[in-house]
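Each chain is listed here by its residues.
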Amino acid sequence: MSEGRSFESGASKRRRQREQRQKDEETARKIPKLDQFFFRQSLQSNAAESQESQAAPASSSFEEQPSAIVDPTVGTIHNEADTAQPERSSEVNTASDFGPDVADPAYNADVGMWADRIPDNVREYWIAKDSCHCQFKDHDFSATETTYDADKSSRGCRKEYFYRKQDKTGQLIERNWLCYSPSQSKLFCFYCKLMTDAETFGKTGCADWRHITMLISRHESSQFHKDAVVAFRLRKCIQERVDANMVTQITAQEKYWFSVLERTTEVIRFLSERGLAFRGSDETIGSPHNGNYLGIIELISKFDPFLEQHIRAHGNQGRGHASYLSSTIMEELIELMGNEVFARILDELKSAKFYSISVDSTPDISHVDQLTCVVCYVLPSGSTERFLTFLQPQRHTGEELGNTLVTFLQEHSISIEDCRGQSYDNASNMSGRYNGMQAYIKRHNAAAEYVPCAAHSLNLVGQNSVSCCHVLHGVDLSLDSAAKTPGKKPTSS
Ligand SMILES: [Zn+2]
């Protein structure tokens, strides 16, 4: 801009605009394009690949593992050595591989239990499974028997409704869309329930047994039923979908991380069963001090190409990089598995109804008192003894200990009324007849008989026997003393 001019010249404006345009283009070049996040895949190449795969010999189970490595930090997918192909299944197969939540009625094979508005992941699950799991055509239909006043006839669901006779040839053709709901005693259309908002055979089902033959015929020739079947078939075939690549990649990623978790949970289970320590002094893969958990994972990886490749791609990457090998994930998995075991024990305990309890405490290595709670009950397979939990009473009076135990039992819906026995050591706060924990429990349930712990009593007998014998007086034979003195074995005489 020259002196004396108060506005920008035309040449200056054009130059500034040109520079801005170049800058924008440069920025746009640096931004990753959306198509970089997807595999390039065409139907023709699929056909060629499928021919190649048919010609190739069968690969081992490890080679069949999906080897696409997902980098969670940028979301890109690298194809390992450009040789491993993502799974090219023609069918959606997502939720079924990882086990749906069986407690959720949406995954129940009874169509009548599904909600009117079906979530997308549930729809994907049933599209993959198809109607054969939900038909119940061999079910007992006696609940549907209805007597009609007009002609005094009894009608209900019949197995022949699940077949249609072809007019010209007389051949029986299965109606794979028809499903019986044992919970509602109604007939539903699998495709209409899943893909449309249709009322009869869809949302509400049909139980008009008097006109059922005509209603079934009318439904299967209706346009909305045909549309539902077409929509189902199109959705089932991944390659026809607009998000075909996305579904294939999501499936491959899910399978990949599921395979990782499969291995880590097995290692956790192995160590837990044997009561071995998990962690070492560091968490570096390759370090001899990284503990049993990472050590075993490293050992398996020597013989497992999938795990070896996972460790190579994700091991020792530090915080913020998902590898599912860190101690945080490990502890979360241990907690989840522990909750599952605890719930199983509670189920057993409640099914057995009556039980006895045994409580004792001992300080751990950090001098924190660990009050263990053990229950004993009888199952058809025999008597069972299970550790339940570590209790944490504030004080060690009989009342406080008893109150902590009763509160814990109440929190988990275990009735103290069903307790038939209690067993503790001979300490006065536990076994005291008036102020001990025994007395506190008996005030809640008089049927909970107290039995002194046989092992503790035997120990006392041994100690007292030795203390009254002049010859052996001074020789320490007690189990307690032997335990307290590392390396010292009980002396026999
Ligand atoms: Zn239908």
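In this report, we go over the structure that sits alongside the text. (Residues numbered from 1 in each chain as written. Predicted model: local features only at pLDDT ≥ 70, side-chain atom pairs only at ≥ 80, totals over all residues.)

## Digging into the pairing of strand 11 (residues 382–391)
Residues in a regular strand point their side chains to alternate faces of the sheet.
So, point 1. Alignment of strand 10 (residues 369–379) against strand 11, held across 9 bridges, turns out to be antiparallel. Paired with valine 374 across the strands is phenylalanine 387, a residue of strand 11.
So, point 2. Taking the residues that link successive antiparallel strands as the turn, the strand 10-strand 11 hairpin has 2 residues. (Pairing = 2+ DSSP bridges. Helix = DSSP H or I, 4+ residues; strand = E, 2+ residues; numbered from the N terminus.)

## Some thoughts on unusual backbone geometry
Excluding glycine, most residues fall at negative phi; most peptide bonds, likewise, are trans.
So, point 1. Although it is not a glycine, serine 185 sits at a positive phi angle of roughly 55°.
So, point 2. Tracing the backbone shows serine 185 in the loop between strand 7 (178–181) and strand 8 (186–189).
So, point 3. The buried category is assigned to serine 185, around which 20 C-beta atoms lie within 10 Å.
So, point 4. For tyrosine 324, which is not a glycine, the phi torsion comes out positive at approximately 60°.
So, point 5. Here tyrosine 324 shows up in the loop between helix 11 (305–314) and helix 12 (327–352). (Buried ≥ 20, exposed ≤ 12 C-beta atoms within 10 Å, placed from the backbone.)

## Observations regarding the sheet that holds strand 11
So, point 1. The 5 strands lie next to each other as 11-10-9-12-13, forming an open sheet whose pairing is mixed. Both outer strands of the open sheet, strand 11 and strand 13 (449–450), are each paired with one neighbouring strand and no more.
So, point 2. Of the strand pairs in this sheet, strand 9 (residues 355–363) and strand 10 are connected by 9 bridges, and their pairing is antiparallel. The residue bridging tyrosine 355 from the neighbouring strand is tyrosine 377, located in strand 10.
So, point 3. Contacts from helix 13 (residues 398–411) reach strand 9, strand 10 and strand 11, with the element oriented near 110° to strand 11. (Contact = placed C-beta atoms within 7 Å. Axes fitted to C-alpha atoms, helices over the stretch in contact; angles between N-to-C directions.)

## Here's the deal with the environment of threonine 372
So, point 1. Considering the arrangement of structural elements, one finds threonine 372 in strand 10.
So, point 2. With 18 residues separating them along the chain, threonine 372 and phenylalanine 390 place their C-alpha atoms 4.7 Å apart.
So, point 3. Not counting residues within four places of it along the chain, the set of residues in contact with threonine 372 comprises Val359, Asp360, Ser361, Phe387 and Phe390.

## Re the nonpolar core
So, point 1. If you look at the biggest cluster of nonpolar residues, it comprises 26 residues, and the most contacted ones within it are Cys179, Leu187, Phe188, Cys189, Phe190 and Tyr191.
So, point 2. Of all the secondary structure elements, the ones that give two or more residues to this core are helix 4 (120–129), strand 7, strand 8, helix 5 (190–195) and helix 8 (223–236).
So, point 3. Ignoring anything within four residues of it in the chain, the contact list for tyrosine 191 reads Trp177, His225, Ala228, Val229 and Phe232. (Core = buried A, V, L, I, M, F, W, Y, C linked by C-beta atoms within 7 Å.)

Everything listed here is a matter of geometry and, on its own, says nothing about what the molecule does.
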